[in-house]
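# Summary of the model geometry
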Amino acid sequence: MVELPKTYNPKEVEDKIYQLWMESGFFTPENLPLRQAQDKPQKTFVTCIAPPNITGELHIGHALETTLQDIIVRMKRMQGYKVLWLPGTDHAGIGAQNVLEKQLAKEGTSRQELGREKFVERMWQWREKYGNTILEQFKKLGLSIDWSRQKFTMDEKYQEAVKTAFEHYHKKGWIYQGERVINWCVRCATSISDLEVNYVAEKGKLYFIKFGPFTLATTRPETRLGDTGLAVHPDDPRYQLYIGKELEIETIDNNIPPDQPPKIKKIKLPIVADQSVDKEFGTGIIKVTPAHDLTDFEIGQRHNLPFIKIIDEHGRINESAGARYQGLKTKEAGIKIVQDLEILGLIEKIDDYEHNVARCDRCNSVIEPLLSKQWFLKMKELAKLALEASQEGKIKFYPKRWQASFEHWLENIRDWNISRQLWWGQKIPIEGEEDVLDTWFSSALWPLAALGWPDKTNDFKKYYPTDLITSGRDIIYLWIARMVFSGIELTGQAPFKDVLIHATVLTKDGKRMSKSLGTGVDPLKLTYKYGTDALRFGLAVQHTGLQDLRFGEDLMVMGKKFANKVWNIARFVMIKVGDEHNWQNITSDSPMSKKADEITKLVTDSIEKYNFAEAANALYHFIWHDFADKYIEESKDKNDKETEDTLVYTLITCIKLLHPFMPFITEEIYSNLPIPDKKLLLVENWPTI
C-alpha cells in the first residue's frame, strides 16, 4: 500500500506536477480524452488570457485574475469540454519603449542617437530576452494554459490582422485625420490614452483673476494667453444679462519684452452659455482655452470660438503667446504670469487648493492637454454595435452592475485617437505616415487575431466566438468595449459571451498596491512561503463579488492549514481503507455521501455563476467540519464496508471538487490513490450526483 508522507511539502511537489501536466499534452484541447459518443460533437469552452505587457512582472492582481480563470477552466475540462485557454503578450507600446530608453540612458546613449531602425532592433532583442518573463511566472501559479498557441501582438500574422482591421475601417470612412485636444506626454513625446493617465491629488493654488466686472478661478494661469472666450451655465441667474455679449477686459500685454515691467492691454472676449460649466466651481464663470483643455475644446467647437495653441509638444510656451513668455516651460510661465497679474492689480486672491493633476502612467510627467493633429476612428456606429450586444444579452457582465457603466460609457463615447508618436508598435498603414497605432487598437482584436483572423483558420472556425473574458474594472472601456465592437464589426459575432470583472486587490488598510510605494505584494514569494495552492485558495475564498478585495496574508495561512488538513484526511482514509478495497466506481447512499452530493451541486453551480467565495467556503467547511471533524472521527471505531465506501466516495468527491482551487495537492493525492488505470486528475470526470 502506498502511504503518503506525514506532511505535505509543496516545494517537493509543484514543479514535478506541473511538468507532468505539460508532458501529458492535456492543456491542448486536441489531446483531451474523448468523453462523448463519436456521433456527437464535443462541446468547447474557450477563453483568452488578458495579454500582459512584455514589460510586466507578476503581481497579486494577475494572480487573482488568472486563478479565477483557471478555476473555471479546470472544472470545464473535467466536465468533458474541449477546453482552450489562449496565452500571449502585448507589445505594450509606450511602456516597453520607456523601459528600453531607460536602459539606453544607463549606457550613455538614447533612441535619438540610435535612430529608429536600430532602436526597433534593440526593442526586439529586449523582447526576446525579457518579454516572456511573466508567462513563465504564470506557470508557477499552476495555470492550465495551452502554451503551444502562444501569441504576441507584434507577430507577423497578428500585424496582418491589425492592418486588415485598419483598412476595413478606412474603407468605410470611419478613420480620419483631424485636430483635437488630446493627452500629450511631454517626456514620452506622444499622445497617450486615458488609461495611461494617472490623476494624482496634489497641493496647488487656485488663482482668482479679474476679468472686467467678474472674477474667475483657475488652477492654470499659464493658459491665460490662450483664452478666447468666457462660459457660464445657461441656468445661472448671475450671468443671464451677459450671455451672447462681448466683454472688454484688461489683461497683460504679451508683446512687452520680459526684461521690462508688465503693461495692460484691453481685449474683448465673448460670453457663451454651456451646460458643461459647473455653477459651483469658483465663481461659476470660466475662461475657455479651446486648444489646451478637452472640455474647453468642446465648448469652443459648439460656440465657434478661436483656437490658439500657446504650448508646444515640448511643454514650452510658443510664439503665439507673445515674446514676453516664449520659450518658458509651462510651470515657469504660470509663475511669471501670476507675478505680472499681481503687479497689474488683476489678481483678487490666491487660495491653497488640492486638485487632481494628470500625470503619465509611464514616466510620471505632467500631462499637457494639447490641440494636435492625430488619426481618429469614428465611434458612433461601433459604439452602437456594442451597446446593442449588451442590451440584447449577447454579452453578460458578472457582477451585473458593470453592465450599466459599460452602456453609459458607450452612450457618451468620443471618437478614438488611434495614433501614437512612438517608434515601437504597428505603423499606421498609410504611405508616409510615421505614427504607430495605439496599443489598444491591436489588443482590441485579441480574441479574433489570437485564433488566426482574418484567415478562416481551423482554430477560428472551431473556437470563435469565445466563452469568457476576465478583466479588472479599470479597462472595461479601453479593452472590453473595444473587443466587443471590433469582434461584432469584423466577424458579425460578439467575441465572448461572459465578462467577468474581478475585484481590485488593495492592501489590508485599503490602499492601492504599488511597487514604487512599497505596498506591492509578490505572489511568487507567497507561493514559496505558503505553497501555490494556499495562495490560490486564499484569493478565491475572499472573492465575493465586491468591488475591492483587501489583501492580507492571514488567508494564505488559512490556505496552508487547509492544504495540510486535506493531506491528513487523504492519508487517514488511505491507511484506514487500504488498497485491497475497491476504489473504483464507488457509489454510496449514506447520509454523508448525500451531503457530498449536495456540496457537488453547490460548488458546481457557484463556479458556473462565478461565485468563487461561495464555492470555496462551502468546500472548506464541508471538508474540515462535516467530513474530518465529524464523519472521520466517527469512522475510527468502524470497519464495515459502508463506512469504507463512504470514506472513499467522499474523499474522491472532495479531491475532484477542490482540484480547480488547489490543483497541485489534489493531483499529488490522486496520483497516490490505489485506483486502477486512472488518468491524471486534470482530466478526470467532474463529480455528478
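Residues numbered from 1 in each chain as written. Predicted model: local features only at pLDDT ≥ 70, side-chain atom pairs only at ≥ 80, totals over all residues. Heavy atoms only, no water.

## Topic: the pairing of strand β14 (residues 367-377)
Judged by how many residues are buried, β14 sits mostly within the fold: ten of eleven residues are covered. Sheet analysis places strand β5 (residues 175-185) next to β14, joined by eleven bridges and oriented antiparallel. Counterpart to Y176 in the pairing with β14 is F376. Two elements, β14 and strand β16 (residues 416-417), share two bridges in a ladder whose sense is antiparallel. Across the sheet, the residue bridging to L377 is W416, located in β16. (Buried < 20%, exposed > 50% of the residue type's maximum accessible area, 1.4 Å probe, protein only. Helix = DSSP H or I, 4+ residues; strand = E, 2+ residues; numbered from the N terminus. Pairing = 2+ DSSP bridges.)

## A closer look at the sheet that holds strand β8 (residues 214-218)
One open sheet holds the three strands; their spatial order is β8-β7-β13, and the pairing between them is antiparallel. The outermost strands of the open sheet, each flanked by one partner alone, are β8 and β13 (347-360). Averaged over all pairs of adjacent strands, the angle between strand axes in this sheet comes to 20°, irrespective of strand direction. Pairing between strand β7 (residues 197-211) and β13: 13 bridges, direction antiparallel. Residue pairing in the sheet places V200 in a bridge with V357 of β13. Across the face of the sheet, helix α9 (residues 330-343) comes into contact with β7 and β13 while running at roughly 165° to β13. (Axes fitted to C-alpha atoms, helices over the stretch in contact; angles between N-to-C directions. Contact = heavy atoms within 4.5 Å.)

## With respect to the pairing of β5
The two faces of a sheet get side chains in turn, since along a regular strand they alternate between them. For β5, a buried count of eight out of eleven residues is recorded, marking the element as mostly surrounded by other parts of the structure. One ladder, built from three bridges, connects β5 with strand β6 (residues 190-192); its direction is antiparallel. Within β6, the residue paired with W184 across the bridge is S191. Between β5 and β6, which pair antiparallel in sequence order, lie four residues; one of them, A189, sits at a positive phi of approximately 55°.

## Structural notes on the environment of A231
Structurally, the position occupied by A231 is in strand β9 (residues 229-232). By relative accessible area, which is 0% here, A231 ends up buried. Sequence separation of A231 and I243 is twelve residues, and the distance between their C-alpha atoms is 8.4 Å. If we skip the residues at most four places from it in the chain, A231 touches V272, V277, G284, I285, I286, V288 and I299.

## Section: the sheet that holds β5
Strand order in the open sheet formed by four strands is β6-β5-β14-β16, with antiparallel pairing between adjacent strands. Two strands close off the open sheet at either side, each with one partner strand: β6 and β16.

## What about the pattern of salt bridges?
Taken as a whole, this structure holds 44 salt bridges when the rule is applied. A salt bridge links R149 to E30; its shortest N-O distance comes to 2.9 Å. Pair noted here: R149 is in the loop between α6 (133-140) and β4 (151-152) and E30 is in the loop between α1 (10-24) and β1 (44-48), with a separation of 119 residues, a long-range link. Relative accessible area serves as the criterion here: at 10%, R149 is assigned to the buried category. Its relative accessible area of 35% is what places E30 among the partly exposed residues. A salt bridge links D548 to R473, with the nearest nitrogen and oxygen atoms 3.0 Å apart. (Salt bridge = Lys/Arg side-chain N within 4 Å of Asp/Glu carboxyl O.)

## Examining unusual backbone geometry
Cis rather than trans, the peptide bond between Y398 and P399 has omega equal to -5°. Cis geometry marks the peptide bond from Y464 to P465, where omega comes out at 0°. On the secondary structure map, P465 appears in the loop between α14 (458-463) and β19 (468-472). Here the phi dihedral of N364 falls at roughly 70°; this positive angle occurs in a residue that is not glycine. When you line up the elements, N364 lands in the loop between β13 and β14.

## Details of the nonpolar core
Among the nonpolar cores identified, the biggest contains 100 residues, and F537, W583, F627 and F661 are the most heavily contacted of them. At 13 residues, helix α20 (residues 612-635) tops the list of elements feeding residues into this core. Here F537 is in contact with M558, F562, A616, Y620, L658, F661 and M662, once residues within four sequence places are set aside. (Core = buried A, V, L, I, M, F, W, Y, C linked by side-chain atoms within 4.5 Å.)

## Remarks on the packing of helix α10 (residues 380-391) against helix α11 (residues 401-411)
At their nearest, the axes of α10 and α11 sit 9 Å apart, and the two run at 155° to each other. As summarised for this structure, α10 and α11 are arranged roughly antiparallel, according to the angle between their axes. The element α10 and its partner α11 pack so that their crossing is left-handed. Two secondary-structure elements touch here, α10 through A383, A386, L387, S390 and Q391 and α11 through Q403, F406, E407, L410 and E411. Among the residues making up the contact of α10 with α11, the classes are represented as five nonpolar, three polar and two charged. (Parallel < 35°, antiparallel > 145°, perpendicular 65-115°, else oblique. Left-handed = near helix turned anticlockwise from the far one by under 90°. Nonpolar A, V, L, I, M, F, W, Y, C, P; charged D, E, K, R; others polar.)

## Points about the side chain of D340
As for its placement among the helices and strands, D340 is situated in helix α9. Judged by its relative accessible area of 1%, D340 is buried. In terms of polar contacts, D340 uses its side chain to reach the side chain of R324, at 2.7 Å. (Polar contact = N/O pair within 3.5 Å; in protein donor to acceptor, adjacent residues only side chain to side chain.)

## Some points on the packing of aromatic side chains
Under the definition given, this model contains 31 aromatic pairs. Geometrically, the ring pair formed by F297 and F307 is edge-to-face, given 5.4 Å between the ring centres and 70° between the ring planes. Here F297, found in helix α8 (residues 294-303), pairs with F307, found in the loop between α8 and α9; they are ten residues apart in sequence, far enough to count as distant. Given a relative accessible area of 32%, F307 falls into the partly exposed group. Over the face of the ring belonging to Y528 we find K11, whose NZ or CZ atom lies 4.5 Å from the ring centre. (Phe/Tyr/Trp six-rings, centres within 6.5 Å; stacked < 30°, edge-to-face > 60°. Lys NZ or Arg CZ within 6 Å of the ring centre and 35° of its normal.)

From the geometry alone we can't say anything about function, so treat these as descriptive.
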